[in-house]
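Each chain is listed here by its residues.
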Amino acid sequence: MKKALTAQELYVESVKRTDRTVQFWRVSLCILFIAAWEFCARYEIINSFIFSSPSKLVRCFYNLLLTEGLAAHIGITLFETLASFFLVIAASLILAILLWKSRTFSRILEPYMVMLNSLPKSALAPLLIVWLGANYRTIILTGVSVAVFASIMNLYTGFMEVDPEKVKLIYTLNGTEKDALYKVILPSNIPNLFGIMKVNIGLCLVGVIIGEFIAARKGLGYLIIYGSQVFKMDWVILSILILCIIAMGLYLLLGVLEKLYQKKSL
């Protein structure tokens, strides 16, 4: 005789069933899109020279690996993105802590932070190149400039929204400001930090590509610009698809790290 499931078991089974359905439709939509794209290109419903096709992109990927050093281009873009990402996180934590420690300091800098965050970062890239030269350091700094100001403001807001009663308890127990920071403020903001990191990884990639458009001789941004100039649309579309895969992979990696932290903290 089959054992009756408890309400909790029914709920867990419902969640698993929903997850399986979501995964099925994600994969199915991707396959349907690729199949429709190939069909339309092969039967000239769309112009395969402009829109390419999955089969042409596979051949292009193989040829670029052999003749144009595609792996090196991918590695350079990935390195610049990760470097800018870690710099953004480090700078955001340091400056958010400084703003939290001094309310006067935060009030002085707040309008400048808002102004710099609203500034179109693509306008900064040419200036950075003139000031610092056309090199990978400039591209990394461009990636940092896209994400850092919003990251600081979001992290500082999270610091200020921590339950003040918890902070008072630390001081009541003769704790110092350092104790309040390490025992209450930072631990309470780790979920917020993971959310900021998920946003920043995409923004840093955008900033790096902006820098590569202008200053690079290697990287996926360079392949996109060069491919568009010489009408090698396969190069452009393939580079964009690789960027999508990189962004998705880095986002999923952060999601895995977040889940590991959540399991450890339970």
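Residues numbered from 1 in each chain as written. Predicted model: local features only at pLDDT ≥ 70, side-chain atom pairs only at ≥ 80, totals over all residues. Heavy atoms only, no water.

Caption draft 1: Highlighting unusual backbone geometry. Of note in this structure, N174 is not a glycine but carries a positive phi near 65°. Within the secondary structure, N174 is located in the loop between α8 (164-172) and α9 (177-188). At F231, a position not held by glycine, the phi torsion is positive, near 60°. Within the fold, F231 resides in the loop between α11 (220-229) and α12 (233-265). You can call F231 exposed: its relative accessible area is 55%. (Helix = DSSP H or I, 4+ residues; strand = E, 2+ residues; numbered from the N terminus. Buried < 20%, exposed > 50% of the residue type's maximum accessible area, 1.4 Å probe, protein only.)

Caption draft 2: Region of interest: the environment of E80. Along the chain, E80 falls in helix α4 (residues 70-101). The exposure class assigned to E80 is buried, which follows from its relative accessible area of 3%. Here the alpha-carbon distance between E80 and E258, two residues 178 residues apart in the chain, equals 23 Å. In this view, E80 contacts Y136, I139, I140, V208 and E212; residues no more than four positions away in its chain are not counted. (Contact = heavy atoms within 4.5 Å.)

Caption draft 3: Just the state of the cysteines, in detail. All chains considered together, the criterion is met by zero disulfides. Not engaged in a disulfide, the cysteine C40 finds its nearest cysteine sulfur in C30; these two sulfurs lie 16 Å apart. Take C60: it sits in no disulfide, and the sulfur closest to it among the cysteines is that of C244, at 15 Å. The class of C60 is buried, set by a relative accessible area of 7%. (Disulfide = S-S within 2.5 Å.)

Caption draft 4: Spotlight on the pattern of salt bridges. Using the criterion set out here, one finds five salt bridges in the structure. Notably, a salt bridge pairs E38 with R42, separated by 2.7 Å at the nearest N-O pair. Here the residue E38 and the residue R42 both occupy positions in helix α1 (residues 7-42), the gap between them amounting to four residues, near one helical turn. Residue K101 pairs with E177 through a salt bridge whose shortest N-O separation is 2.6 Å. (Salt bridge = Lys/Arg side-chain N within 4 Å of Asp/Glu carboxyl O.)

Caption draft 5: Examining a nonpolar patch on the surface more closely. Residues I108, Y112, M115, L116 and L119 make up a contiguous nonpolar surface patch of roughly 470 Å² in combined accessible area. Here Y112 is to be found in helix α5 (residues 103-118). (Patch = residues over 30% accessible without salt bridge, like charges linked within 9 Å, V, L, I, M, F, W, Y side chains within 5 Å. Areas by Shrake-Rupley, 256 points an atom, 1.4 Å probe, with all protein chains shown as cover.)

Caption draft 6: How the structure looks around the packing of aromatic side chains. Enumeration according to the criterion identifies eight aromatic pairs in this entry. Where F24 meets W25, the ring centres are 5.4 Å apart and the plane angle is 75°; that geometry is what we call edge-to-face. Looking at W25, the relative accessible area reads 47%, which means it is partly exposed. Ring pairing ties together the aromatic residues Y222, Y226 and W235, which thus form one cluster. The positively charged end of R137 is found above the aromatic ring belonging to Y136, 5.5 Å away from the centroid. (Phe/Tyr/Trp six-rings, centres within 6.5 Å; stacked < 30°, edge-to-face > 60°. Lys NZ or Arg CZ within 6 Å of the ring centre and 35° of its normal.)

Caption draft 7: Representation of the packing of α4 against helix α10 (residues 190-215). At a minimum axis distance of 9 Å, the contact between α4 and α10 shows a crossing angle of 130°. Comparing the axis directions of α4 and α10 gives the class oblique. Pair α4 / α10 crosses with right-handed handedness. Every residue of α10 that contacts α4 at I76, T77, E80, T81, L82, S84, F85, V88 and I89 is listed here: M197, N200, I201, C204, L205, V208, I209 and E212. Broken down by class, the residue content of the contact of α4 with α10 amounts to 11 nonpolar, four polar and two charged. (Axes fitted to C-alpha atoms, helices over the stretch in contact; angles between N-to-C directions. Parallel < 35°, antiparallel > 145°, perpendicular 65-115°, else oblique. Left-handed = near helix turned anticlockwise from the far one by under 90°. Nonpolar A, V, L, I, M, F, W, Y, C, P; charged D, E, K, R; others polar.)

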